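Residue-level listing of the chains:
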Amino acid sequence: MLSTTLNRSGARIRTLTAAAALALLTVFLAPAVPADASAPLRQHAAARGKFIGAALATGPLSNETQYRTLAAGEFNQITAENAMKWDATEPSQGQFNFSGADAIMNFAQQNDQQVHGHTLVWHSQTPTWVQNLPATAMREAMRNHIDTVAGRYADNPALVSWDVVNEVFEENGSLRTSFWYNTLGQSYIADAFRYARAADPDARLCINDYNVEGINAKSTAMYNLVRSLRQQNVPVDCVGFQSHLAIQYGFPNDLQQNLQRFADLGVQVRITELDVRMQMPRDASKDATQATYYRNVVNACLAVTACAGVTIWGITDRHSWVPDTFPGEGAALIYNENYQTKPAYTAVHDALAGGTGNDTTPPTTPGTPAASGVTSSSASLSWAASTDSGGSGLAGYNVYREQGATDTLLGQSATNSTTLTGLTADTEYQVYVRARDGAGNLSTPSATVTFETSAGGGPGGPCTATGTVQTQWNNGYVVQPVTVTNTGSATLNGWTVTFTLPAGHTLAGSWNATLTTSGQTVTAKSVSYNGTLAPNAATSFGFQVNRPSGNTQTPSGYTCASP
Ligand code: XIL
């Protein structure tokens, strides 16, 4: 059976039955090298030249034997979850208290672990006496605090790095209007790094933030700030990516690429506060997805030479900040409340051990991809997900173009959908997917989908639109940027982008385009200042959406036409 449909840009889509795809089946599997199941995480990490760390809380560290045993045995790096923050170390001006910080340092020294100091200058967990100071006194209080706290451990070889400033950005990439910024202006950031260098010349000095794991407005602002500070010889040595992830919001598939662009600035990068929360209750399928996220983060760090390691924000679900901070969510760590390992532990272990394990069972065959939003250079694909029973978890999917004997890998996706870009105009593509598990086993191929890209070039020629979810929360999200690119050879005079909002989602605002809706279909037209696009030029717009609480869908099917 062959069915052919036309999409709105005139591209043809048809689907083949499974028979043709099954003919492609030639699977060759390299023999798996068994990981040493008994070796602790730290041993594998050290063998890879990385650290694997955990945030430690002083309460369970002094009260719970199992906590101490795992903290010492499994991790070669630790971060104080709260004990080195300002409210703990200098609750009143000039009155320092290092009881918790020293307990963490002593534990690390006894167990041959490196310590990442967290954190010197932050808007949160900082006493009100600091927040109320006038500018000159606030700058002096900051200098004295950094000098005293970083200075205390400057000669301690276990203390290797500091988060000098934490969370200085808003989600849109502007500097956070914290009391630091409001009182001192942005110069407080450079000053903090200079004071820290003076206090501990040997420590790596880091800037740390959340929601900067993927390439987005916030991470790009951080990138630009780090580059500019270093150009001014401000001693920024390292960038921390907190990585507080949630399975319902999707994995930042460009994490490795993002880490690499920072590494290319000459800084060390590190994953500083990894946890992967889920909507409660826990179940086996959520655990498996969570394991995939952990594996992907560890693998991204392993793939980037300048990535020093991964710190997990806690040890056990018994003591995690998640349930207190995100109501209804939890189970974010690699040990459960009873200190038993979860699939996420195995994922971290096997990734550090080389990602092989003993799993030789491939995932099930994925569904036939469905193509949508086909333009002259891009197409969106989605397919029914595979499952994996071999123990290593499902790492993602490979997307292939069928071309005689030499099928080409068009892309990889961590989820059961992807958007292919860089396609050739006016060309027929036959595409299939194979699922990939954590041990590298590939499923048999799905059936193929065939689509034809639309013609390129010509006056008022074609364009593409791709939307990126910049940030999302329980009942809403921001898509920014929607990048509109002129892929033709003539200047465009005006463009029209359409996309589809999932059921129940409503527009809450937009910028840099005029949006109208018809049912769930949104039409975005260029405005006076961004409608003219030279060949290859791009512009962007953005919008915000309200959605039902707990729904995790985001828009799809972006198409672009001119005018
Ligand atoms: C959290 C701790 O885990 C909690 O115990 C505390 O109540 C609040 O702070 N970003 C950071 C960390 O940089 O310091 C935060 O830690 C989590 C978010």
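Residues numbered from 1 in each chain as written. Predicted model: local features only at pLDDT ≥ 70, side-chain atom pairs only at ≥ 80, totals over all residues. Heavy atoms only, no water.

Caption draft 1: Local environment of helix H6 (residues 99-110). Its 12 residues give H6 an end-to-end C-alpha distance of 17 Å, which sits within 8% of 16 Å, the value for a rise of 1.5 Å per residue. Of all the residues in H6, the buried ones are Gly100, Ala101, Ile104, Met105, Phe107 and Ala108. Down the axis of H6, the sector holding all buried residues measures 160 degrees, keeping them to one side. In H6, the exposed positions that point more than 90 degrees away from the buried face belong to Ser99 and Gln110. Considering only its buried residues, H6 is in contact with strand E3 (51-56), helix H3 (58-63), helix H4 (65-74), strand E4 (77-80), strand E5 (114-121) and strand E6 (159-166). (Helix = DSSP H or I, 4+ residues; strand = E, 2+ residues; numbered from the N terminus. Expected span 1.5 Å × (residues − 1). Buried < 20%, exposed > 50% of the residue type's maximum accessible area, 1.4 Å probe, protein only. Arc of directions from axis to C-beta. Contact = heavy atoms within 4.5 Å.)

Caption draft 2: Region of interest: the sheet that holds strand E13 (residues 370-372). Overall, antiparallel pairing links the three strands, which are arranged E13-E14-E17 in an open sheet. One side of each edge strand has no neighbouring strand; the edge strands of this open sheet are E13 and strand E17 (417-420). When the angles between neighbouring strand axes are averaged without regard to direction, this sheet yields 25 degrees. Across three bridges, E13 lies against strand E14 (residues 379-382) in antiparallel orientation. Of the residues in E14, the one forming a bridge with Ala371 is Leu381. (Pairing = 2+ DSSP bridges. Axes fitted to C-alpha atoms, helices over the stretch in contact; angles between N-to-C directions.)

Caption draft 3: Examining the state of the cysteines more closely. Inspection of every chain in the model, using the stated rule, returns three disulfides. Between the sulfur atoms of Cys301 and its disulfide partner Cys307 the distance amounts to 2.1 Å. Between Cys301 and Cys307, the S-S dihedral sits near -100 degrees, and the bridge is therefore left-handed. By relative accessible area, Cys301 is classed as buried at 2%. Given a relative accessible area of 2%, Cys307 falls into the buried group. Disulfide partner of Cys463: Cys560, at an S-S distance of 2.0 Å. The sign of the S-S torsion, about -95 degrees, decides the handedness of the disulfide formed by Cys463 and Cys560: left-handed. Note that Cys463 is positioned in strand E20 (residues 463-473) and Cys560 in strand E29 (residues 556-561), a separation of 97 residues in sequence. On the accessibility criterion, Cys463 (1% relative accessible area) is buried. A relative accessible area of 9% places Cys560 in the buried class. (Disulfide = S-S within 2.5 Å.)

Caption draft 4: Spatial organisation of the pairing of E3. Among the six residues that make up E3, six are buried, leaving the element largely enclosed by the rest of the structure. Here E3 shows no split at all, with Phe51, Gly53 and Ala55 on one side and Ile52, Ala54 and Leu56 on the other all buried. Bridge count between E3 and strand E11 (residues 307-312): four bridges; the pairing is parallel. If you follow Gly53 over to E11, its bridge partner there is Thr311. As paired strands, E3 and E4 are joined by four bridges and run parallel to one another. Paired with Gly53 across the strands is Gln77, a residue of E4.

Caption draft 5: Examining the side chain of Thr539 more closely. As for its position among the elements, Thr539 is in strand E28 (residues 538-546). What Thr539 contacts, discounting residues up to four positions off in sequence, is Val482, Thr483, Val484, Trp495, Asn530 and Leu533.

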